[in-house]
Amino acid sequence: DGGITQSPKYLFRKEGQNVTLSCEQNLNHDAMYWYRQDPGQGLRLIYYSQIVNDFQKGDIAEGYSVSREKKESFPLTVTSAQKNPTAFYLCGVGGVSGNTIYFGEGSWLTVV
Amino acid sequence: AQSVTQPDIHITVSEGASLELRCNYSYGATPYLFWYVQSPGQGLQLLLKYFSGDTLVQGIKGFEAEFKRSQSSFNLRKPSVHWSDAAEYFCAVGEFQGAQKLVFGQGTRLTINP
């Protein structure tokens, strides 16, 4: 969806370093999501936020942190506590009624 | 807990042939059901969704899906595939409670033979 911007597209980091992935939306929707995708697998929910200054853990939140200080932005930090951070990360935004998720183009994170 | 099974990891069809991708879900109530498509290295694009009403839903790119409650299935179909349909297809089930927490299947990779 053109209204969802993820950056950077590709990111390489050394093991033990924290890294922050950006997700910005100009759709004025409340709900935002972070999913992780591993090769040959479906997506798994990391965190989600229904409103500014509030967020909830998903199924695989360990080793990740988020913030929601603005409606437009929902950054994801992959911390050094995440055991296997190399993956494709997708940001989603809830639609007008909130019951449909639209995704950005994703960010590839490789930890070496 | 919700779960989604896509039995076929990889399917190959010839261009112009019909296509059916299978999706079975486990969920107690009437689910929110989705099909997304992903091209290599890209994000997910919504093909279609089912919330209620007519069990046959039409989506973009000529795709349709049929919700069958008795079989807990939501199979995706297309009468005639094009080379550009080659991609990964994901079925997802959601439980909307203010936020839509989707559970995805593992995906089906579609290859098109010329």
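Structure: above.
Below, the structure is looked at part by part.

## With respect to the overall build of chain B
Stage number 1. When its secondary structure is counted, chain B shows 0 helices and 12 strands.
Stage number 2. Going residue by residue from the N terminus, the α and β elements of chain B occur as β-β-β-β-β-β-β-β-β-β-β-β.
Stage number 3. Expected size for 114 residues packed as a compact globule is a radius of gyration near 13 Å; at 14 Å, chain B falls within 12% of this value.
Stage number 4. When the backbone C-alpha atoms are referred to their principal axes, chain B occupies close to 45 × 30 × 25 Å.
Stage number 5. Within chain B, residue pairs in contact and separated by at least 24 positions form 54% of the contacts whose partners lie at least 6 positions apart.
Stage number 6. With the model as given, the accessible surface of chain B reaches about 5300 Å², and the carbon-plus-sulfur share is 47%.

## Things to note about the interface of chain A and chain B
Stage number 1. In this complex, chain A contributes 23 residues to the contact, which on the side of chain B involves 22 residues.
Stage number 2. Together, the buried faces of chain A and chain B total about 1800 Å²; carbon and sulfur atoms form 54% of this surface.
Stage number 3. Of all residues in chain A, the largest losses of buried area upon contact with chain B belong to Leu43, Asn99 and Phe103 of chain A, amounting jointly to 26% of the total for that side.
Stage number 4. In this structure, the connection of chain A to chain B is made through 0 salt bridges.
Stage number 5. If you look at where chain A meets chain B, you find 8 residue pairs in polar contact (both at pLDDT 80 or more).
Stage number 6. Contributions of two or more residues to the side of chain A that touches chain B are made by β4 (32–37), β5 (43–51), β9 (87–94) and β10 (101–103) of chain A.
Stage number 7. Of the residues forming the side of chain A that touches chain B, the biggest block, 4 residues, is contributed by β5 of chain A.
Stage number 8. Looking at side-chain class alone, the side of chain A that touches chain B contains 11 nonpolar, 10 polar and 2 charged residues.

## What to know about the nonpolar core
Stage number 1. Ranked by size, the top nonpolar core spans 26 residues in total, and within it Leu19, Trp35, Leu47, Leu48, Phe74, Leu76 and Tyr89 of chain B carry the most contacts.
Stage number 2. Those elements giving two or more residues to this core turn out to be β2 (10–14), β3 (19–21), β5 (32–38), β6 (44–50), β8 (64–68), β9 (73–78), β10 (87–96) and β12 (108–113) of chain B.
Stage number 3. A total of 4 residues in this core trace back to one element, the largest contributor, which is β10 of chain B.
Stage number 4. With 21 residues, the next largest nonpolar core counts Leu21, Tyr47, Phe74 and Val78 of chain A among its residues.

## Looking at the state of the cysteines
Two cysteines form a disulfide when their sulfur atoms are joined by a covalent bond.
Stage number 1. Within the structure shown, the criterion is met by 2 disulfides over all chains.
Stage number 2. Disulfide pairing places Cys23 of chain A opposite Cys91 of chain A at an S-S distance of 1.9 Å. Linking Cys23 of chain A and Cys91 of chain A, the disulfide has an S-S dihedral of approximately -70° and is accordingly described as left-handed. Of this pair, Cys23 of chain A sits in strand β3 (residues 19–25) while Cys91 of chain A sits in strand β9, placing them 68 residues apart in sequence.
Stage number 3. We classify Cys23 of chain A as buried; its relative accessible area is 0%.
Stage number 4. Across the disulfide, Cys23 of chain B is cross-linked to Cys91 of chain B (sulfur-sulfur distance 1.9 Å). Judged by the torsion about the S-S bond (-65°), the Cys23 of chain B/Cys91 of chain B disulfide is left-handed. Taken as a pair, Cys23 of chain B in the loop between β3 and β4 (24–26) and Cys91 of chain B in strand β10 lie far apart in primary sequence, 68 residues in all.

What counts, and at which threshold
- Position numbers for residues start from 1 in each chain and track the written sequence from start to end.
- Chains carry letters and ligands carry numbers; both start at the beginning, A for chains and 1 for ligands, and go up in the order they are written.
- Only residues with pLDDT of at least 70 get local features here, since the model is predicted, and only at 80 or more are side-chain atom pairs given and counted; chain-wide, interface and lining totals rely on the full set of residues.
- Here the side-chain values reflect all heavy atoms present in the structure, with hydrogen atoms and water set aside.
- Only runs of H or I of at least four residues qualify as helices and only runs of E of at least two qualify as strands under DSSP, and these elements are numbered from the N terminus.
- Using C-alpha atoms as the atom set, the radius of gyration is obtained and then compared with a globule rule of 2.2 Å times the number of residues to the power 0.38.
- In this analysis, two residues are considered to be in contact whenever any of their non-hydrogen atoms come within 4.5 Å of each other.
- Here the Shrake-Rupley method, with its probe set to 1.4 Å, supplies the accessible areas, and only the displayed protein chains count as covering residues.
- Summed over both partners, buried area is the accessible surface (1.4 Å probe) that two parts give up on being assembled.
- Note on definitions: salt bridges are taken to be side-chain nitrogens of Lys or Arg within 4 Å of carboxyl oxygens of Asp or Glu.
- Any pair of nitrogen or oxygen atoms within 3.5 Å is treated as a polar contact; in protein, a donor-acceptor pairing is required on top of that, and neighbouring residues in sequence qualify only through side-chain atoms on both sides.
- Ten residues, namely Ala, Val, Leu, Ile, Met, Phe, Trp, Tyr, Cys and Pro, are considered nonpolar, four, namely Asp, Glu, Lys and Arg, are considered charged, and the remaining ones, Gly among them, are considered polar.
- As used here, the term nonpolar core means buried Ala, Val, Leu, Ile, Met, Phe, Trp, Tyr and Cys residues forming a set that is joined through side-chain atoms within 4.5 Å.
- Type-normalised accessible area, obtained with a 1.4 Å probe on protein chains alone, sets the label of each residue: buried when under 20%, exposed when over 50%, and partly exposed for intermediate values.
- Disulfides are defined in this document as cysteine sulfur pairs within 2.5 Å.

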